[in-house]
Every structure is written in structure tokens, then in C-alpha cells.
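# Topology and contacts: notes
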Amino acid sequence: MKQEARQYAVLTPVCLAVAALWVPVCQAELRPISDAEMSRVQGQALMSVEKLVGVPHEFTRVTFNMDSELKVSADSVTLGGDAAGADIAIDNLALGHVSTDASRVQIDGQNYAVGEVVPFWGADPYLELAEVDGELAGFRFGFGQARGTVSADMNSFSGTIGLKILDANGTPQDATLFDSLTQSTANRATHIGLADTATDCASGVQCSPLTALQSLDVGTDNGDGTVGFTDDFFLSFQREGIEWQDLDGSRLINVGRGVSVESSHQHDDRSADPADRDSPGADQLHRAGHQHLLAGGFVAPGPARSAPGRVSARLRRNLINIYRRRSCRQ
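Residues numbered from 1 in each chain as written. Predicted model: local features only at pLDDT ≥ 70, side-chain atom pairs only at ≥ 80, totals over all residues. Heavy atoms only, no water.

Moving on to the overall build of the protein chain. What the protein chain contains, in helices and strands, is two helices and 21 strands. Within the span of the protein chain, comprising 330 residues, buried residues form 44% of the whole. In the protein chain, 63% of the contacts between residues at least 6 apart in sequence involve partners at least 24 apart. Total accessible area computed for the protein chain in this model is approximately 18000 Å², and 55% of it derives from carbon and sulfur atoms. (Helix = DSSP H or I, 4+ residues; strand = E, 2+ residues; numbered from the N terminus. Buried < 20%, exposed > 50% of the residue type's maximum accessible area, 1.4 Å probe, protein only. Contact = heavy atoms within 4.5 Å. Areas by Shrake-Rupley, 256 points an atom, 1.4 Å probe, with all protein chains shown as cover.)

Here is the structure:
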């Protein structure tokens, strides 16, 4: 055995040396290339990591260079819940929908066969952490761009909802989120209506429960029945107020403590299409159909929100496709 071992020990380096002789050796000189040649070279990273410095928070953002196509349903979603309620409480949530009319042009400008999924699109998904003095102050995750339908019975909502509704004269007005006492709020809102002295959510005058919205489009109104992509659509969880930086660094998004849905997109000129459903006491509040959830702009500082509490969700069906390469987005 010792003799055989010595033979193997000798043969091994010999075999490796012989094999190395058969491997072709490539030698190349590094040479600069012209701008024209460089323009023909394409490439992109799957993931990028950024370190951003703010006052007083520091941020770490991880962005994935991909597109995602979603059709997700959940029986119920509760975020930031405590004994007093929840920052977000939604029943029958659905991102994306199923086509019921092959002749109808959907929000992306395309037609879908009956039974085919019209997806919720999200581009450049990211996760961002906010720290102060080495401790986690909050985090958010979302999409650099988003477009799609959201169906939900919203019992409680925190964040921004960029709708315009028609007043008694048929003039579009900015919609305002209220609590049950008709107090304007971006935290645990239960109603939506006009910011007017005549508005009374208790009696349903120029105000209606958020559950009346039923179905909304996330995106920007193109004015032709289709919807474009909205920028920086995200969900945040925070133990204190944070000024998040817009993804392009052009502005700050002030979000209060708790859980909320936000976007950096401005919606000053967005309008909601009239809907075909009526609700008691909401003659001028058109809802369902093609109303638009343009969760954009800044959230005005308000009362301190509850700290993120219970997070629960019961999923019904999931259909998620992720594309590493960019698809053509209209």
C-alpha cells in the first residue's frame, strides 16, 4: 500500500503537468476602445446598493433591476394594528384583475381575452432602511414605477390617496381623507370626501366611507382611458417620522410614524372618471370603475401615529412573474 501511495503521489503532479500543456494559453493586450464601440456595449447589474446621508437619518437602499408582474389576492390585511385599531385594515384585497370583456381596452392600452389576467406591474423593486444613531428607525419597500388595479374594501387607510371628485357643480375637486368625525387626516382614515364646510361624514354629505371605492387604478391618468406608470410607489413601516428621499433625489417625502402607503408622484392634474355605482349620501362621490389611486405627493405632518404593531395577511391566490430584463413599458 505504501508503494502504491508513492506511485499515485508521483503520478498526480505528472498528470497535472501534462494536462496543463494541452490547455491553450491566451495572451491579450488591453487597448482603449472608441466612444462608438463603447456605445454598442450593453450591460446592467441585477442589484444596486446605495448609501444615502440625511438629517438625522442615514439610508441604505437595495434596488433590483427587474420588472414584476403580479396578481395577488388576500382575504384580509392588517398593518400597524393595536387595541385602538389599525393603520391599514383591508378586506378582499387584490392587485391586478381578470378580464371579463375581450373588447375592452385595459389600463395599459391592451386587450385581454376573457379570463386572462391583467397584471399589476412593478418596476425596479427596492428595499430601503432608515437608521439614526445606529438603530433602525423604519423601512420601506416598493417599486420605482407601478401601474395596475387595486380592488379592496378599505376599512382603515394611512397615507395619501390622490383622487379628484366632482362637486355639486360638476367641477373636479381634490379629495380629502377624513375620520368618522369629519376630521381631515392621513392616519387611519375611514372616509373620503370634499374639504368643505358643508361636508359631514356622519350624515354622508359630500363624504362616503372608503369601502365605497371598491376598485382603483394605481398610476397616472393619460386622459384617454389608459393609465401610465406612477413613480416611487411604496409601503413604509416607521417608529418615528422620516423624510425619505425620492428615488431620483429631487425631493423629500415626509412620512409620519406608523404604517402607510405613499408615492412621490404629484397628482395636481389627475382626475377620477365617473363610476356607475351609487352610494347613500354620496351624490358627488363617484367611485369604483376607473377611479385612480394616485398615492402621491407629500404627507403633511399630523398627530403622531401608532408604532408599527401587528402585521397579518391571509393570502388567497398568488401569481407572480419576475423578469430580469426590462420589458417594453408603455
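This part is about the sheet that holds strand β9 (residues 164-166). Sheets are built from strands that pair by backbone hydrogen bonding, the pairs being arranged parallel or antiparallel. Pairing is antiparallel in the open sheet, where four strands are placed in the order β9-β10-β11-β12. Since the sheet does not close on itself, it has two edges, and those belong to β9 and β12 (207-209), each with one partner. This sheet shows a mean twist of 40° between the axes of neighbouring strands, independent of strand direction. In terms of strand pairing, β9 meets strand β10 (residues 172-178) through three bridges, oriented antiparallel. If you follow isoleucine 165 over to β10, its bridge partner there is glutamine 173. (Pairing = 2+ DSSP bridges. Axes fitted to C-alpha atoms, helices over the stretch in contact; angles between N-to-C directions.)

Here we come to a nonpolar patch on the surface. A contiguous nonpolar patch, built from Leu46, Met47, Val49 and Phe64 and spanning about 340 Å² of accessible area, is present on the exposed surface. If you trace the backbone, leucine 46 turns up in the loop between α2 (35-39) and β1 (47-53). You can call leucine 46 partly exposed: its relative accessible area is 34%. (Patch = residues over 30% accessible without salt bridge, like charges linked within 9 Å, V, L, I, M, F, W, Y side chains within 5 Å. Salt bridge = Lys/Arg side-chain N within 4 Å of Asp/Glu carboxyl O.)

Turning next to the environment of glycine 122. Inspection of the secondary structure assignment puts glycine 122 in strand β7 (residues 120-132). Assessed through its relative accessible area of 1%, glycine 122 is described here as buried. Linking glycine 122 and serine 68, residues 54 residues apart in sequence, is a C-alpha distance of 5.2 Å. Apart from the residues within four sequence positions on either side, glycine 122 is in contact with Met66, Asp67, Ser68, Phe143, Gln145 and Ala146.

This next bit is on the side chain of serine 158. By secondary structure assignment, the location of serine 158 is in the loop between β8 (135-156) and β9. On the accessibility criterion, serine 158 (0% relative accessible area) is buried. A distance of 3.4 Å separates polar atoms of two side chains, one belonging to serine 158 and the other to asparagine 187. Polar side-chain contacts of serine 158 include one of 2.8 Å to the backbone nitrogen of arginine 188. (Polar contact = N/O pair within 3.5 Å; in protein donor to acceptor, adjacent residues only side chain to side chain.)

The residue after valine 55, namely proline 56, is reached through a cis peptide bond having omega 0°. Mapped onto the elements of the fold, proline 56 is located in the loop between β1 and β2 (58-64). For aspartate 124, which is not glycine, the phi torsion reads 55° and is therefore positive. With respect to the helices, strands and loops of the structure, aspartate 124 is situated in strand β7. Exposure remark for aspartate 124: the relative accessible area of 18% places this residue in the buried category. In this structure, glutamine 206 takes a positive phi of about 55° despite not being glycine. Mapped onto the elements of the fold, glutamine 206 is located in the loop between β11 (191-194) and β12.

So, on to the confidence of the model for the protein chain. Summarising the model, the protein chain shows a mean pLDDT of 76, and 70% of its residues fall at 70 or more. Low pLDDT (under 50) marks residues 16-23, which in the prediction has zero contacts with non-local residues, meaning those over four places away or in another chain. (pLDDT = per-residue confidence, 0-100.)

Attention now moves to the nonpolar core. Phe120, Met154, Ile161 and Leu210 are the most contacted members of the largest nonpolar core, which totals 32 residues. Where this core is concerned, the elements lending two or more residues are β3 (67-82), β4 (85-95), β8, β10, β11, β13 (215-218), β16 (230-238) and β19 (258-263). Of all hydrophobic cores here, the second largest spans 11 residues; its members include Ala130, Ala137, Phe234 and Trp244. (Core = buried A, V, L, I, M, F, W, Y, C linked by side-chain atoms within 4.5 Å.)

On to the environment of histidine 191, then. Within the element layout of this structure, histidine 191 appears in strand β11. A relative accessible area of 13% places histidine 191 in the buried class. Those residues in contact with histidine 191 that lie beyond four places of it in its chain are Thr176, Leu177, Phe178, Asp179, Ser180, Cys201, Cys207, Ser208, Pro209 and Leu210. At 2.8 Å, the side chain of histidine 191 forms a polar contact with the side chain of threonine 190.

Below, the discussion takes up the state of the cysteines. What the rule picks out here adds up to one disulfide. Cysteine 201 shares a disulfide with cysteine 207; S-S distance 2.1 Å. Judged by the sign of its S-S torsion, about 85°, the cystine formed by cysteine 201 and cysteine 207 is right-handed. Of the two residues, cysteine 201 and cysteine 207, neither departs from the other in class, the shared state being buried. (Disulfide = S-S within 2.5 Å.)

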